[in-house]
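The primary structure of each chain is shown beneath.
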Amino acid sequence: MGVGWHPEHQNPSIQGLFSKISVTFVSKDGEEIPIQVPVGMSMLEAAHQNDIELEGKAYDLSLIHYFCSVPWTYLLSSSRACEGSLACSTCHVIVTDTEYYNKLEDPSDEENDMLDLAFALTETSRLGCQIIARPELDGIRLAIPAATRNFAVDGYVPKPH
C-alpha cells in the first residue's frame, strides 16, 4: 500500500463505490456552491454535510392565520423537517438543466404529492432527499428556491371544522 493506493485499484469489482460527482447548488441569491457528492448520497444529505442552507429559516406568516382559524407557522427549518421520509417539501430544489432532469428516475406518487405543496414549483422541481448521486448526474446544477413551505403547528392540535 504505497502513496496513491485506493481500494478500487486493488479490487476492480468495487470500482465506482468510492467515486464522487460534481454538484453545484445555486443559492436564492445566485451564488454558485460547487461540491463533491459521494455516489449513493442524497442531495439533501450532501447539502447538510456542506453547510448549504437548503431548507431556509423560520418565518411567521400572519396571513395564513388571517385565512385559517388554525395558528399555522410558515416554518423554514434549518433541520431536516421529515428526515427524507416524503412528509414535507422543505428540501425542494430545481434542476436547472432538463438534460439532467431527464436522467433522474421518475418521481413517486408520494414525492409528487409533496411537490404539489412546494413554493415556486417548476417543471424540473424535485425533492433533494429523492435525488441520489449517480455517475450520470456528474455536473448537475440545483437551484434553491427563495423560500420553502412546511406548515407545522407548535404543539397545537387542530379541531375539525
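The rules behind these values
The written sequence of each chain sets the order in which its residues are numbered from 1. Only residues with pLDDT of at least 70 are given local features in this predicted model, and only at 80 or more are side-chain atom pairs given and counted; all residues enter the totals for whole chains, interfaces and linings. Computation of side-chain values: all heavy atoms of the structure, hydrogens and water removed. UniProt positions are given in the numbering used here, feature names are shortened, and annotations may be inferred rather than shown by experiment. What is meant by a nonpolar core is a set of buried Ala, Val, Leu, Ile, Met, Phe, Trp, Tyr and Cys residues, joined one to another through side-chain atoms within 4.5 Å. Relative accessibility thresholds used throughout: buried, under 20% of the residue-type maximum; exposed, over 50%; partly exposed, between the two (1.4 Å probe, protein chains only). Numbering of helices and strands runs from the N terminus; a helix is a DSSP stretch of H or I covering at least four residues, while a strand is a stretch of E covering at least two. Here, two residues are considered to be in contact whenever any of their heavy atoms come within 4.5 Å of each other. Whenever Lys or Arg places a side-chain nitrogen within 4 Å of a carboxyl oxygen from Asp or Glu, that contact is recorded as a salt bridge. Whether two strands pair depends on DSSP finding at least two bridges between them. Angles shown run from 0 to 180 degrees and are taken between the N-to-C directions of axes, each axis being a line fitted to C-alpha atoms and, for helices, limited to the stretch in contact.

The name recorded for the protein in an unreviewed UniProt entry is 2Fe-2S ferredoxin, from Hibiscus syriacus. Here the protein is described in UniProt, under the heading Cofactor (unreviewed entry), as follows: "[2Fe-2S] cluster".

Draft legend 1. Summary view of the nonpolar core. Residues Val23, Phe25, Val37 and Leu142 are the most contacted members of the largest nonpolar core, which totals 29 residues. When contributions to this core are tallied by element, the ones reaching two or more residues are β1 (20-26), β2 (32-38), α2 (43-49), β4 (92-95), α4 (98-101), α5 (109-115) and β6 (140-143). Residue contributions to this core peak at four residues, all from α2. Once residues within four sequence positions are removed from consideration, Leu142 is found in contact with Val23, Thr24, Phe25, Val26, Met43, Val93, Ile94, Val95 and Ile131.

Draft legend 2. Fine view of the pattern of salt bridges. Per the counting criterion, the structure on display carries four salt bridges. Here Glu111 and Arg126 are joined by a salt bridge, their closest N and O atoms 2.8 Å apart. Residue Glu111 is located in helix α5, and its partner Arg126 is located in strand β5 (residues 125-127); the two are separated by 15 residues in the primary sequence. Across the pair Glu136 and Arg134 runs a salt bridge whose closest N-O atoms are separated by 2.6 Å.

Draft legend 3. Inspection of the sheet that holds β6 at higher detail. Strand order in the open sheet formed by five strands is β2-β1-β6-β4-β5, with mixed pairing between adjacent strands. Edge positions in the sheet fall to β2 and β5, since each has one partner strand and no second. Ignoring strand direction, the axes of neighbouring strands in this sheet form an average angle of 35 degrees. Pairing between β1 and β2: seven bridges, direction antiparallel. The residue of β2 that forms the bridge with Val23 is Ile35.

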